[in-house]
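Fold and geometry: a report
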Amino acid sequence: ETGVTQTPRHLVMGMTNKKSLKCEQHLGHNAMYWYKQSAKKPLELMFVYSLEERVENNSVPSRFSPECPNSSHLFLHLHTLQPEDSALYLCASQGVGPRGEQFFGPGTRLTVL
Amino acid sequence: GEDVEQSLFLSVREGDSSVINCTYTDSSSTYLYWYKQEPGAGLQLLTYIFSNMDMKQDQRLTVLLNKKDKHLSLRIADTQTGDSAIYFCAEGDPSGSARQLTFGSGTQLTVLP
């Protein structure tokens, strides 16, 4: 248990659906991240929020829309996804220590039909 | 941009040592990390090394850093079946404004009985 939770753990959606992924941390961290993990590919950084401000958007298609209402919560809103968006979506948080360790949630396994 | 490369697979016999290798391109990295991902879970920090060190030992884990060749390795002594997982190498500068880490594709370690 790393202190970062994600819901749902599994999600199957059609290409016309709208859904949201939720991430929550109560570690007192002030940076949160969304990553996409696909088989045999490097972990892809999607979004970075630092002090609730988005500091990085890594050329992610607009069908993915992040939201960070406060330092403990991060959402990823999904709409009109494509089958190639099927992957494990990982949330992470980072504190202010010099080591920069990121704490990861267990991920949401997303399947787009 | 920055790049981190790892071989995709490694198999070892239980009780043997495992060595997982990683190369990176960003010479400004201040920290290098090894993360472990077990099935159905997020990534968990195993160990890290500061860029001005060349070796770090932590129980069964030994990290070697060759900064000149930008090569990082993780040695697991007396490998056990519980060590079977995906191991990710990552590099970054946590004090940077974007606070990003760059991850490799991960090495799937299989420990054979």
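Residues numbered from 1 in each chain as written. Chains lettered and ligands numbered in written order. Predicted model: local features only at pLDDT ≥ 70, side-chain atom pairs only at ≥ 80, totals over all residues. Heavy atoms only, no water.

**Brief notes about the interface of chain B and chain A**
With 22 residues of chain B at the contact, the number on the chain A side is 28 residues. Of the roughly 1,900 Å² buried where chain B meets chain A, counting both sides, 53% is carbon and sulfur surface. Joining chain B to chain A, the criterion identifies zero salt bridges. For the side of chain B that touches chain A, the secondary structure elements donating two or more residues are strand 4 (31-37), strand 5 (43-50) and strand 10 (101-103) of chain B. For the side of chain B that touches chain A, the leading source of residues is strand 4 of chain B, giving four residues. Across the side of chain B that touches chain A, the residue classes break down as 14 nonpolar, seven polar and one charged. (Contact = heavy atoms within 4.5 Å. Buried area = accessible area lost by both parts, 1.4 Å probe. Salt bridge = Lys/Arg side-chain N within 4 Å of Asp/Glu carboxyl O. Helix = DSSP H or I, 4+ residues; strand = E, 2+ residues; numbered from the N terminus. Nonpolar A, V, L, I, M, F, W, Y, C, P; charged D, E, K, R; others polar.)

**Overview of the state of the cysteines**
Throughout the structure, instances matching the rule amount to two disulfides over all chains. There is a disulfide in this structure between Cys23(A) and Cys91(A), and the S-S distance comes to 1.9 Å. Across the S-S bond linking Cys23(A) and Cys91(A), the dihedral sits near -70°, which makes this disulfide left-handed. Residue Cys23(A) is found in strand 3 (residues 18-25), and its partner Cys91(A) is found in strand 9 (residues 87-94); the two are separated by 68 residues along the sequence. Each member of the pair, Cys23(A) together with Cys91(A), is buried. Across a sulfur-sulfur distance of 2.0 Å, Cys22(B) and Cys89(B) are joined as a disulfide pair. Disulfide Cys22(B)-Cys89(B): torsion about the S-S bond near -65°, hence left-handed. One end of the pair, Cys22(B), is in strand 3 (residues 18-24); the other, Cys89(B), is in strand 9 (residues 85-92), and 67 residues separate them in sequence. Residue classification places Cys22(B) among the buried positions, given a relative accessible area of 1%. Owing to a relative accessible area of 0%, Cys89(B) belongs among the buried residues under this scheme. (Disulfide = S-S within 2.5 Å. Buried < 20%, exposed > 50% of the residue type's maximum accessible area, 1.4 Å probe, protein only.)

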